[in-house]
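Topology and contacts: notes
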Amino acid sequence: MKRRKVDLKALPGKTAEEVDARLHVATPLRSLLNKVFPDHWSFLLGEIALFSFIVLLLTGTFLALFFEPSMQETHYNGSYVPLQGVQMSRAYETALNLSFDVRGGLIMRQMHHWAALLFMAAIVVHMIRIFVTGAFRKPRELNWIIGLSMFWLGFTEGFAGYSLPDDALSGTGLRIASAIMLSIPVVGSWVTTSLFGGEFPGEIILSRLYILHVFLLPLILLGLVTIHLALVFMQKHTQWPGPGRTNSNVVGERMFPRYALKQGGFFMLVFAVIALMGGLFQINPIWLFGPYEAAVVSAGSQPDWYVMFLDGSTRLMPAWEIRAFGYTIPPLFWPTVVLPGILTVLPMAYPWIEARWKKDKGHHNLLQRPRDVPDRTGLAAMALTFYMVLTISGGNDIVADKFHISLNAMTWAGRIGILILPPLAYYIARRIALGLQQHDREVLAHGVETGIIKRLPSGQFVEVHQPLAPADDHGHTDLPYVGWTVPKKMNRLGALGPAVRGFFRPVEQAAPPAQEQPPAREEITSGKH
């Protein structure tokens, strides 16, 4: 019997035809692979958040195999000698076993924690980029809301995971969360007893947080990430203004193969950085804190960085207790419930507020430079300053202890700073944006500063400018500002030669300076010779 010869070259195409005949995937797959993405470093911030989330899922799956979220009391008998024989919960014991007795457990736990911090940091920086460049404008308002929702979901997810080990630090955080829920008027006690199954801490809170942390919140986050990416594909990717770029096109690279390969390499880079941090830098050493005891709270208990602003707002809030209609509203209610509510609703509504303020109802695929929208840039600076003052105030006891400053002085500095610094940041950022904008327009009108000083016949010294286009009799050009980078450095048309190649040291000889012959001069004599 003659053996059929397999044509290896035709095999991929034939396989693709067979798959398309059954699933009809050629058309959507073609449009997916031909999707064009613009190339700019600021667009990688969202990718860092996405890749950190993938690392979180991978490392979290590993940790879930060995962690037991149980409040059942036991006595530790593991490898960490200082805690041997100490009474603790089963959750804390398995967290210790993960750190000392499971092969690779400690690096996985630390990678998980570092990835969580990087995930939240990337979301925050990505959102700042979206805000100051106007990428939230129509038609991307929904994606802006999804991004803000992912921040708060990541916030809750991080807090739930932080509380699971049941060490002294996480127990203190849960105690604060219980107090925050109790501060809610009318329904506070009902919410607390429902979540904790009775009085704090109860015996079921860890199992509920575990389900929240490993199943419910990751599933919601995964759904939001999917919708977020789907909207990016449907609405086109935003891009910076530039030659050939309009609101109706995207200039960049196709998804396959170049962009996909670059993103694969970038994922490996993010993974490597997180692995390096997990292997080299210790984070959350739960064995040093010991098991949680409700009667023991130490100074210097600090949450992760993205939670510190709530800690700071609590410390700065004066002890104003309000009694009305038979109910008492404790001061804790305002900085921990009302403030996060404002910080959620106001940014979500901002796209519509700005559209109404600017009377702008158009579609925008081109981004704006922060200097071109000084009011929005000032608002971003004001919000960041507000956040930073609260974050620093969240660690004011550490600052007071290390620098021998009165804690009361630190608290009052935070209270005064929260009122003065944000408006000041708005004013400074707005003025800087206007100044940069003015400088761009001066360069377009007068040219690039060359650094060459010329003396006029009148004795006046002036700097020579290199015009960017043919200039009129007065040296002025009529170039419009298009919202993109204006060249600020002199090129070879000026007086400087080409730059010498080399990173740490020159790898070639610099070109010798041009030898210009001085102009011929007529000798001035007395006329006798």
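Now for a quick tour of the structure.

Reading guide: rules and limits
Along each chain, numbering runs from 1 in the same order as the chain's sequence is written. Note on the predicted model: pLDDT of at least 70 is required for a residue's local features to be given, and 80 or more for side-chain atom pairs to be given and counted; whole-chain, interface and lining totals, by contrast, use all residues. To obtain the side-chain values, all non-hydrogen atoms of the structure were used and water was disregarded. Segments assigned H or I by DSSP are reported as helices when at least four residues long, segments assigned E as strands when at least two residues long, and all are numbered from the N terminus. For every residue, the accessible area (1.4 Å probe, protein chains only) is compared with the maximum for its type, and the residue is labelled buried under 20%, exposed over 50%, or partly exposed between those bounds. By definition, residues are in contact when any of their heavy atoms lie within 4.5 Å. Only the protein chains shown count as cover for residues, and all accessible areas are computed by the Shrake-Rupley method using a 1.4 Å probe. In this tally, Asp and Glu contribute negative charge and Lys and Arg positive charge; neither His nor the terminal groups of the chain are included. To locate a charge, the coordinates of NZ of Lys, CZ of Arg, CG of Asp or CD of Glu are taken. Definition of nonpolar core: a set of buried residues of the types Ala, Val, Leu, Ile, Met, Phe, Trp, Tyr and Cys, connected through side-chain atoms within 4.5 Å. Paired strands, in this sense, are two strands between which DSSP finds at least two bridges. Residues enter patches when their relative accessible area tops 30% and they take part in no salt bridge; the joining distance is 9 Å for like charges and 5 Å for the nonpolar side chains Val, Leu, Ile, Met, Phe, Trp and Tyr. What counts as a salt bridge is simple: a side-chain nitrogen of Lys or Arg found within 4 Å of a carboxyl oxygen of Asp or Glu. In the cavity and pocket records, a cavity denotes points on a 1 Å grid over the protein atoms alone where a 1.4 Å probe fits but cannot get out, a pocket denotes an open set with protein on both sides within 12 Å along at least 5 of 7 lines, and lining residues are residues with an atom within 4 Å of a point. Grid points are joined across faces, edges and corners, and a volume is the space filled by probe spheres set on the points. Basically, the charged four are Asp, Glu, Lys and Arg, the nonpolar ten are Ala, Val, Leu, Ile, Met, Phe, Trp, Tyr, Cys and Pro, and anything else, Gly included, counts as polar. For Phe, Tyr and Trp, where Trp contributes only its six-membered ring, two rings pair if their centres lie within 6.5 Å, and the inter-plane angle classes them as stacked under 30 degrees, edge-to-face over 60, or tilted in between. Any Lys NZ or Arg CZ found within 6 Å of a ring centre and within 35 degrees of that ring's normal is scored as a charge over the ring.

With that out of the way, let us pick up the overall build of the chain. Across its full length, the chain carries 16 helices and eight strands. Seen through its C-alpha atoms, the chain measures out along the principal axes to roughly 115 × 95 × 55 Å. A total of 529 residues make up the chain; the buried ones form 38% of that total. Considering only residue pairs separated by 6 or more positions, the chain has 72% of its internal contacts joining residues 24 or more positions apart. Roughly 32400 Å² of accessible area belongs to the chain as shown, and the carbon and sulfur atoms make up 65% of that amount. The average position of the 46 basic charges and that of the 38 acidic charges among the side chains of the chain differ by 9 Å.

A word on the environment of Arg371. Within the secondary structure layout, Arg371 lies in the loop between α13 (333-358) and α14 (374-394). Looking at Arg371, the relative accessible area reads 17%, which means it is buried. Among residues more than four places away in sequence, those in contact with Arg371 are Thr377, Ala433, Leu436, Gln437, Asp440, Tyr481 and Lys488.

To continue, consider the nonpolar core. Of all hydrophobic cores here, the largest spans 54 residues; its most connected members are Phe119, Phe131, Trp144, Phe155, Tyr306 and Phe309. Contributions of two or more residues to this core are made by α3 (44-64), α5 (105-133), α6 (141-163), α9 (205-235), α10 (255-280), α12 (308-316), α13 and α14. With 13 residues, the single largest contributor to this core is α5. Those residues in contact with Phe119, other than ones at most four positions away along the chain, are Ala49, Ser52, Phe53, Leu56 and Gly154. In this structure, Met88, Leu174, Met181 and Tyr292 belong to the second largest nonpolar core, which totals 25 residues.

This part is about the pairing of strand β8 (residues 461-466). As judged from the five bridges shared by strand β7 (residues 448-455) and β8, these two strands associate in the antiparallel manner. Note that in β8 the partner of Glu449 across the bridge is His465. Linking β7 to β8, which pair antiparallel, is a turn of five residues; within it Gly459 sits at a positive phi near 95 degrees.

Turning our attention to unusual backbone geometry. Of note, the bond from Lys138 into Pro139 is cis; its omega dihedral lies within 30 degrees of zero at 15 degrees. Within the fold, Pro139 resides in the loop between α5 and α6. Of note, the amide linkage connecting Phe200 to Pro201 takes the cis form, showing an omega dihedral of 0 degrees. Residue position: Pro201 is located in the loop between α8 (188-196) and α9. Even without being a glycine, Asn284 presents a positive backbone phi close to 50 degrees. Among the structural elements, Asn284 can be located in the loop between α10 and α11 (286-289). Classification of Asn284 as buried rests on a relative accessible area of 13%. A positive phi is found at His404, a non-glycine position, where the angle reads about 55 degrees.

All right, on to a nonpolar patch on the surface then. Together, Trp412, Ile416, Leu419, Ile420, Leu421, Leu424, Tyr427, Ile428, Ile432 and Leu436 make up an exposed nonpolar region whose accessible area comes to about 1000 Å². For Leu436, a relative accessible area of 36% corresponds to the partly exposed category.

Moving on to empty space enclosed by the protein. Within the structure shown, the criterion is met by one cavity of 30 Å³ or more. Listed by contribution, the elements that provide at least two residues to the lining of the largest cavity are α7 (168-182) and α9.

Attention shifts here to the layout of surface pockets. To find leftover empty space, one rolls a probe the size of a water molecule over the atoms. Empty space within the largest pocket amounts to approximately 1100 Å³. Lining the largest pocket are 42 residues, and of these Phe159, Ile176, Ala177, Ile180 and Leu310 sit closest to its centre. If one sorts the elements of the lining of the largest pocket by residue count, α7 sits on top with ten residues. Here the second largest pocket defines a volume of roughly 950 Å³. Taken together, 25 residues line the second largest pocket, and the ones lying closest to its centre are Leu343, Pro347, Leu379, Ala383 and Leu384. Those elements that provide at least two residues to the lining of the second largest pocket are α5, α6, α13 and α14. Partitioning the lining of the second largest pocket into residue classes produces 25 nonpolar, no polar and no charged.

Turning our eyes to something else, we now look at a positive patch on the surface. On the surface, a cluster of positive charge is made up of Lys138, Arg356, Lys359 and Lys361. Residue position: Arg356 is located in helix α13. With a relative accessible area of 72%, Arg356 lands in the exposed category.

It is worth spelling out the packing of aromatic side chains at this point. If you walk through the whole model with that rule in mind, you get 27 aromatic pairs. Pairwise contacts between aromatic rings join Phe151, Trp152, Phe155, Trp305, Tyr306, Phe309 and Tyr387 into one cluster. Seen from the ring of Trp357, Lys358 lies directly overhead, with NZ or CZ sitting 4.5 Å from the centre. One cation-aromatic arrangement involves Arg415 over Trp412; the distance from NZ or CZ to the ring centre is 4.8 Å.

Next up on the list: the pattern of salt bridges. Two side chains bearing opposite charge may form a pair once their charged atoms approach each other closely. One pass over the structure, following the stated rule, counts 14 salt bridges. Among the ionic pairs, Asp397 bridges to Arg315, the shortest N-O distance being 2.9 Å. Taken together, the positions of Asp397 in helix α15 (residues 396-402) and Arg315 in helix α12 put the pair 82 residues apart, joining distant regions of the chain. Given the relative accessible area of 23%, Arg315 is considered partly exposed. A salt bridge links Asp440 to Lys488; the shortest N-O distance between them is 2.9 Å. With Asp440 in helix α16 (residues 407-446) and Lys488 in the segment after β8, this residue pair connects regions lying 48 residues apart in the sequence.

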